[in-house]
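Below are the chains, spelled out letter by letter.
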Amino acid sequence: MTTVTVHPTGEVVEVRDGETIMGAFYRTGYAMRIGCKRGGCGFCKIDVHEGDFVYERPVSDEVVTPEEAAQGVCLPCRAVPSQDMVVEFRENSLRLVNPLMRYMLSGKESSAHQPRTRVPV
Amino acid sequence: MAIMRMGYAHVRVTDLAEARQHYTQTLGLNEVAAADNKVYFKGWDEWDHHSVVLEEGGVGLVKFGFKAQYADDLADIENKAQAFGATTERISKGEELEVGEILRIHTPSGHLFDVYHDITSGQSDVGNVNPEAFPRDLRGIGAPALDHALITAEDVGQMERFLHDVFGYWTAEKVATSLDPADQHNIAIWMTASNQIHQLAVLEGPQSKLHHFAFRLEEGWEITRAADLFAMDDVPIDIGPTRHGITRGKTVYFFDPAGNRNEVFAGGYYSYPDRPMVTWTPDALGKAIFYHARELNERFTTVLT
Ligand code: FES
């Protein structure tokens, strides 16, 4: 489990092992500017300030140029954090659209699904 | 008639194994050949050797192939392309797998169009004698054939003239800033040279980009079923199932594993050279593209490969 913190607003989202940054934000009620969700269009680009990630699939040099990659540009639809990250979205592309899904943050989600223990009479 | 149809779409993909899974298991195309870092596919109702070529490395369009009816058409189209001012080259037989001599045109939109007449031809999967309606072992959505494509270009009017003068296409529908042809700026065009309502569409945008290439389905319910299969196979749907105002076709847009946009398209009306062209005005663009939602999503006009 890693976390992604959004600069400068300070939202923190927990990312499950193997989950993409986009997947974690979607799961927790956010909407972000997204295109193909496949690393092909470059529409979802964000800037990484801290931390590191790996791509779950190869990403073309034409989509994120080596210069952009060196500057910390990342495709959240394919990027899986390998450590806690601080990222910045572009043009206010991140919005909380479903506050209820905040309750699906991974830790709380599992406890919410615990079966209730019956109190013996 | 010179150009009969779009014959093949040749695109780049980042991971050939994943793309192969998508095009064979989800779309239901047949893999017909693999050579170098390319894989070739055809739909069950196509008889030419291939209609899709996937090449590993990158994303986006390499080129489109267009099949001409007669061998002589190549020289004729070559003259017209050169008269238009487009660069052309000849590619000798055998350089493209199973394809004869090619006239390669560098279009004003920055794309590569291969025009050819010879390609290894066989029969469709149901055969040519007493054929059944479809092969009973279809996979996934079982797409029968490649249908059309949409590309972007900075100057849509120039591409309309090019496709008219060189390919003999006519415009079935367009989105234009004015109803007065003398004072019209084209935002998008849908063109064809047959009863097929569109073979190629061009939308205002960057040069040499791919918006989508589409596969034909027959019925509206197959479009809904395709969307169900995309959900099962974790294929990102861009929009749909819905209907287009333009062409009246039923549609789902989705992305292949590299991020190239695909479409499945069913229906639409017949085109004829004498059918009056349909013009849409920019204020109705949302309804023209997505008839039900009547608004364009941001992705549709800006996400390209
Ligand atoms: S959405 Fe297309 S690259 Fe991320």
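What counts and how
Residues numbered from 1 in each chain as written. Chains lettered and ligands numbered in written order. Predicted model: local features only at pLDDT ≥ 70, side-chain atom pairs only at ≥ 80, totals over all residues. Heavy atoms only, no water. Pairing = 2+ DSSP bridges. Helix = DSSP H or I, 4+ residues; strand = E, 2+ residues; numbered from the N terminus. Axes fitted to C-alpha atoms, helices over the stretch in contact; angles between N-to-C directions. 1 Å grid on protein atoms, 1.4 Å probe; cavity = no way out; pocket = protein on both sides within 12 Å on 5 of 7 lines; lining within 4 Å. Points joined across faces, edges and corners; volume = space filled by probe spheres on them. Nonpolar A, V, L, I, M, F, W, Y, C, P; charged D, E, K, R; others polar. Salt bridge = Lys/Arg side-chain N within 4 Å of Asp/Glu carboxyl O. Buried < 20%, exposed > 50% of the residue type's maximum accessible area, 1.4 Å probe, protein only. Expected span 1.5 Å × (residues − 1). Arc of directions from axis to C-beta. Contact = heavy atoms within 4.5 Å. Phe/Tyr/Trp six-rings, centres within 6.5 Å; stacked < 30°, edge-to-face > 60°. pLDDT = per-residue confidence, 0-100.

**Student:** Can you break down the sheet that holds strand E8 (residues 112–116) of chain B residue by residue, with the values?
**Tutor:** Note on sheets: strands pair through backbone hydrogen bonds, and any given pair is parallel or antiparallel. Residue and element names in this part refer to chain B. The 8 strands are arranged E2-E3-E4-E1-E5-E8-E7-E6 in an open sheet whose pairing can be described as mixed. Each edge of the open sheet is held by one strand with a lone partner, namely strand E2 (30–35) and strand E6 (87–91). The mean inter-strand angle of the sheet, taken between neighbouring strand axes irrespective of direction, is 25 degrees. As paired strands, strand E5 (residues 60–68) and E8 are joined by 4 bridges and run parallel to one another. Paired with Phe64 across the strands is Phe113, a residue of E8.

**Student:** Any details on the layout of surface pockets? Residues and values, ideally.
**Tutor:** Approximately 590 Å³ is the volume found for the largest pocket. Forming the walls of the largest pocket are 28 residues, and the residues nearest its centre are Ala145, Leu146, Asp147, Gln196 and Arg216 of chain B. For the lining of the largest pocket, the secondary structure elements donating two or more residues are strand E1 (3–13), strand E9 (145–153), strand E13 (209–217) and strand E16 (261–267) of chain B. The element best represented in the lining of the largest pocket is E1 of chain B, accounting for 4 residues. Its residues placed into classes, the lining of the largest pocket shows 11 nonpolar, 10 polar and 7 charged. Of the voids in this model, the second largest pocket is the one considered here, and its volume is about 450 Å³. In terms of lining, the second largest pocket is formed by 23 residues, of which the most central are Arg38 of chain A together with Asp233, Asp234, Val235 and Pro236 of chain B. Sorting the residues of the lining of the second largest pocket by element identifies helix H1 (21–27) of chain A together with helix H1 (16–26) and helix H4 (220–232) of chain B as the ones contributing at least two each.

**Student:** Requested: an account of the pattern of salt bridges, with residues and values cited.
**Tutor:** Applying the stated criterion across every chain yields a total of 22 salt bridges over all chains. A salt bridge links Arg33 of chain A to Glu298 of chain B, with the shortest nitrogen-to-oxygen separation between them at 2.9 Å. Within this pair, whereas Arg33 of chain A is found in the loop between strand E3 (30–31) and strand E4 (46–50), its partner Glu298 of chain B is found in helix H6 (residues 298–302), the two belonging to separate chains. Note on Arg33 of chain A: relative accessible area 25%, which makes it partly exposed. A salt bridge links Arg261 of chain B to Asp238 of chain B, with the shortest nitrogen-to-oxygen separation between them at 2.8 Å.

**Student:** Please set out H4 of chain B residue by residue, giving values where relevant.
**Tutor:** For an α-helix, the turn length of 3.6 residues means that residues three or four places apart are oriented alike. All names here are of chain B. The terminal C-alpha atoms of H4 lie 19 Å apart, and with 13 residues this matches the ideal 18 Å at 1.5 Å per residue to within 8%. Restricting attention to buried positions, one finds in H4 the residues Glu222, Ile223, Ala226, Ala227, Leu229 and Phe230. Viewed along the axis of H4, the buried residues span an arc of 160 degrees, placing them on a single side of the element. Facing away from the buried side of H4 by more than 90 degrees, the exposed set consists of Trp221, Ala231 and Met232. Where H4 is buried, its residues meet H1, E13, strand E14 (237–243), strand E15 (249–255) and E16. Just downstream of H4, Asp234 is the residue with a positive phi angle, here 60 degrees.

**Student:** Could you give me a rundown of the packing of aromatic side chains, with the residues and numbers involved?
**Tutor:** Residue and element names in this part refer to chain B. All chains considered together, the criterion is met by 18 aromatic pairs over all chains. Pairing Phe213 with Phe215 gives two aromatic rings, centres 5.8 Å apart and planes at 65 degrees, and the pair type is edge-to-face. What makes Phe213 buried here is its relative accessible area of 0%. With a centroid separation of 5.0 Å and an interplanar angle of 65 degrees, the aromatic rings of Tyr253 and Phe300 are classed as edge-to-face. Remark: Phe300 occurs in helix H6 and Tyr253 occurs in strand E15; sequence separation between them is 47 residues.

**Student:** How would you sum up the environment of Glu18 of chain B? Please name residues and give values.
**Tutor:** The topology assignment puts Glu18 of chain B in helix H1. The residues touching Glu18 of chain B, leaving out its near neighbours within four places in the chain, are Arg57 and Arg78 of chain A together with Pro257 of chain B.

**Student:** How would you sum up the side chain of Ser194 of chain B? Please name residues and give values.
**Tutor:** Residue and element names in this part refer to chain B. Locating Ser194 in the fold gives a position in the loop between strand E11 (186–192) and strand E12 (200–204). A relative accessible area of 17% places Ser194 in the buried class. When neighbours within four sequence positions are excluded, Ser194 is seen to be in contact with Met4, Trp170, Gln199 and Ser271.

**Student:** So what about the pairing of strand E7 (residues 102–106) of chain B? Which residues, and what values?
**Tutor:** A regular strand places its side chains so that they alternate between the two faces of the sheet. All names here are of chain B. Burial analysis of E7 places 4 of its 5 residues in the buried class, the great majority of the element. Taken together, the 5 bridges between E6 and E7 define a ladder with antiparallel strand orientation. If you follow Ile91 over to E7, its bridge partner there is Ile102. Two strands pair when backbone bridges link them, and E7 and E8 are joined in this way by 5 bridges, in the antiparallel orientation. When the sheet's bridge partners are listed, His106 is paired in E8 with Leu112.

**Student:** Please provide a residue-by-residue account of the confidence of the model for chain B, values included.
**Tutor:** Of all residues in chain B, 100% have pLDDT values of 70 or greater, and the mean over the chain is 96. Quick note on the complex model: pTM equals 0.91, ipTM equals 0.82.

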